[in-house]
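As a plain string of letters, each chain reads:
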Amino acid sequence: MIPTLAAPLAPFADALPVPQRLVAARQNGRLSVPIRAGAHRFHRDLPKSAIWGYDGTVPGPTIEAERGQPVTVHWRNELDGDLPVAVTIAPKSTDTSGVPVQCVPGLSGGAPDQNAAALAGHTVVHLHGGLTPAAYDGWAENLFAPGQDAVFRYPMDQRAALLWYHDHVMGVTKFGVYAGLAGLWIIRDQRERELALPEGPPFEVPLLIQDRNFDLDDSGRLTGQLVHKTDPEVMEAFPPFTVVNGKIWPRLEVHAATYRFRVLNGSNARTYRLVLHHDGEPELHRITQIGTDHGLLRTPARVPPNGLVLASAERADLLVDFSGLEPGSELTLLNTAAAPFDGAPFPAANAHNAADPGRMLSYPQVMRFRVVPGPVTRRTIPGELATDYHQPAPDALAGAPRRTIALVERELEGEPNMLTMRELVIADDDHTGPVVTVTDDEQTTRYRTAAAHFEDATTFFPVLGRYEVWQLINFTNDTHPIHVHLDPFQILSRRPIRYQIPEHGIEDLAISAAATLERDPDDELDHTIDDNERGLKDTVRVNHNEIAEIAVRFTTYSGRYMYHCHILEHEDRDMMRPFVTMPAELMPFMA
């Protein structure tokens, strides 16, 4: 038995901060945002932490834009000094008490990584969810150094939604975002205003959820020094302290009214399953989801009965009704998701007992709401929210190109595992090398690997305006949030699989595996699409023992983009591939 850990910091001690708003229309669509070092206090009882931040703050300013009104941002790299994060790999996965080292502060015997310590602040900004020309998408290799600037032009020709902007440097995105380089971006449009949804303070509140860890001094006290710690068995960082808008376990005073929460999971790797609790019982009926990654759903949706699941980079637009609660009532937002997340269920009714260091969930607390006297404004939620998109019709997808991608983890001796996305093509009859077979009923398709690493030749050339179906096959034990840059997509299906990988079946380039579309006897997952996922998405969770299919259509911009796992430690360890969108008339000239 691993004991429940005593919290070294008082929960709900700090008021929830609301990031500064930068309203583009008030500055004629031209913004200047410095990227610089700063100091930030994550908790009342912590010393200030050295951070990197947009405008020197954690999180960065929330940028607000209007649909159809372009925004130009002058990103000014003013970073000085080295990376303000101690990076380490602990020599053992557990401490002397058997507690996973990921769950406790400090370096746990690990030596600081000197290569990471020497990182001097090269950066590039990606507007996640933006329909953006390739030149301004934040290609991971297009860095600008301290003292250099970049001017990016964002058309904003897209529906209202919560986006976010963050660092995207090749190989070290996990460190830049962890150091603080993330901020929210809200697009507004007339359709949302017609629905009379809360806009701006105090009833619209952005919530950027992350997790962080800190070093210890010789007396065992938290120093405030940010720590990114992994161990020999877990290559992702799963820090113990949940941070919302830059504060550990904050509190928010609310009236007995309807609030709109714009929620983003901005953690490096952790997935959250959020449950609202009051007096020891779940209060999920108070939550209505009205939007997802790319804006409004067609109709309102209830969150799943076990809680709202958000993997890294996923967003949710929520209306929470606090009406009927007496002043002094307290509701706590809890997380029940284990790490690494594999989709395993956990009952919402037991959320207050979710703490389990063995599942790398030391503290389930996320934040607390406290009802205070004030106006009671319960809003009526329209039955129809959006009419500007539909599920792709079967005939639209009948002749669509199909692309198959295997999610693969290769074990290496003496270094972290290599995660890749193997792009597969149908193998010719005379192909004698390693293959991946996928059997659906009585039909078996044989695939060979066409590309395995980020720098391999590009094989995806989607044609503008045409639907494609991308099939993602998960050959790992974890859930992977796969993010596609540029246009949104829709989830078509999740289907259970059982699979076998022979010994030495995963090589540097080739892979041998056999997947059958049927449930594995040990598989406990539903493999369903939740109602709150039936909107426009840019990040899809692909669970263990699963094939997920998405309908992709790029509409406007030609150029080089990328798709990748949004677990940042996976992305940086080569789980990322390029694609090039092309106008149809150019395709006959492509070699």
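An account of the accompanying structure is given in this report. (Residues numbered from 1 in each chain as written. Predicted model: local features only at pLDDT ≥ 70, side-chain atom pairs only at ≥ 80, totals over all residues. Heavy atoms only, no water.)

### Some points on the packing of aromatic side chains
Scanning the entire structure with this criterion turns up 28 aromatic pairs. Both rings, one in Tyr259 and one in Phe261, keep their centres 6.0 Å apart while their planes meet at 15°; by these two values the pair is stacked. Joined through ring pairs, the aromatic side chains of Tyr54, Trp75, Tyr136, Phe152, Tyr154, Tyr165 and Trp185 make up one cluster. If you follow Arg212 out to its NZ or CZ, it ends over the ring of Tyr178, 4.3 Å from the centre. (Phe/Tyr/Trp six-rings, centres within 6.5 Å; stacked < 30°, edge-to-face > 60°. Lys NZ or Arg CZ within 6 Å of the ring centre and 35° of its normal.)

### Quick word on empty space enclosed by the protein
In total, this model carries 10 cavities of 30 Å³ or more according to the counting rule given. Roughly 120 Å³ of volume is contained in the largest cavity. What lines the largest cavity is simply Leu207, Phe261, Val263, Leu274, Val275, Leu276, Ile287, Leu308, Leu318, Val320, Leu333 and Phe369. Among the secondary structure elements, those contributing two or more residues to the lining of the largest cavity are strand S17 (258-265), strand S18 (272-278) and strand S23 (315-321). When residues in the lining of the largest cavity are grouped by element, the largest group, three residues, is from S18. Tallied by class, residues from the lining of the largest cavity come to 12 nonpolar, no polar and no charged. (1 Å grid on protein atoms, 1.4 Å probe; cavity = no way out; pocket = protein on both sides within 12 Å on 5 of 7 lines; lining within 4 Å. Points joined across faces, edges and corners; volume = space filled by probe spheres on them. Helix = DSSP H or I, 4+ residues; strand = E, 2+ residues; numbered from the N terminus. Nonpolar A, V, L, I, M, F, W, Y, C, P; charged D, E, K, R; others polar.)

### Concerning the nonpolar core
Judged by nonpolar contacts, the single largest core of 83 residues is most densely connected at Trp75, Trp185 and Trp470. Among all residues touching Trp470, those that are not within four sequence positions of it are Arg403, Ile405, Phe460, Pro462, Val484, Ala548, Glu549, Ile550, Val552, Phe554, Tyr563 and Phe579. Formed by 36 residues, the second largest nonpolar core is a distinct cluster that contains Leu207, Ile209, Ala351 and Met367. (Core = buried A, V, L, I, M, F, W, Y, C linked by side-chain atoms within 4.5 Å. Buried < 20%, exposed > 50% of the residue type's maximum accessible area, 1.4 Å probe, protein only. Contact = heavy atoms within 4.5 Å.)

### Quick word on the sheet that holds strand S31 (residues 480-484)
One open sheet accounts for four strands, arranged S35-S31-S37-S38; its pairing is antiparallel. A single partner strand is all that each edge strand has here, and the edge strands are strand S35 (539-542) and strand S38 (576-581). Each strand axis lies, on average, 25° off the axis of its neighbour in the sheet, ignoring direction. Pairing between S31 and strand S37 (residues 559-565): three bridges, direction antiparallel. Of the residues in S37, the one forming a bridge with Ile482 is Cys565. (Pairing = 2+ DSSP bridges. Axes fitted to C-alpha atoms, helices over the stretch in contact; angles between N-to-C directions.)

### Focus on the environment of Asp215
Along the polypeptide, Asp215 turns up in strand S12 (residues 214-216). When the C-alpha atoms of Asp215 and Val85 are compared, they prove to be 9.7 Å apart, with 130 residues separating the residues in sequence. Apart from residues lying up to four places away in sequence, Asp215 is in contact with Gly106, Leu107, Arg221, Leu222, Thr223, Gly224, Gln225 and Val227.

### Quick look at the layout of surface pockets
Roughly 1,000 Å³ of volume is contained in the largest pocket. Lining of the largest pocket is provided by 35 residues; of these, Val234, Met235, Glu409, Pro416 and Asn417 occupy positions nearest its centre. Where the lining of the largest pocket is concerned, the elements lending two or more residues are strand S6 (85-89), helix H2 (173-179), strand S13 (222-230), strand S26 (402-410) and helix H5 (568-572). In terms of residue class, the lining of the largest pocket is built from 13 nonpolar, nine polar and 13 charged.

### Focus on the pairing of strand S11 (residues 204-212)
Burial of S11 is extensive: nine of the nine residues sit out of reach of the surface. What you see with S11 is no split at all: Glu204, Pro206, Leu208, Gln210 and Arg212 on one side and Val205, Leu207, Ile209 and Asp211 on the other are buried throughout. Across six bridges, the pairing between S11 and S17 is parallel. Note on S17: the bridge partner recorded for Ile209 is Asn265. Sheet topology places S11 next to strand S14 (residues 241-244); four bridges connect them, and they run antiparallel. Paired with Asp211 across the strands is Thr242, a residue of S14.

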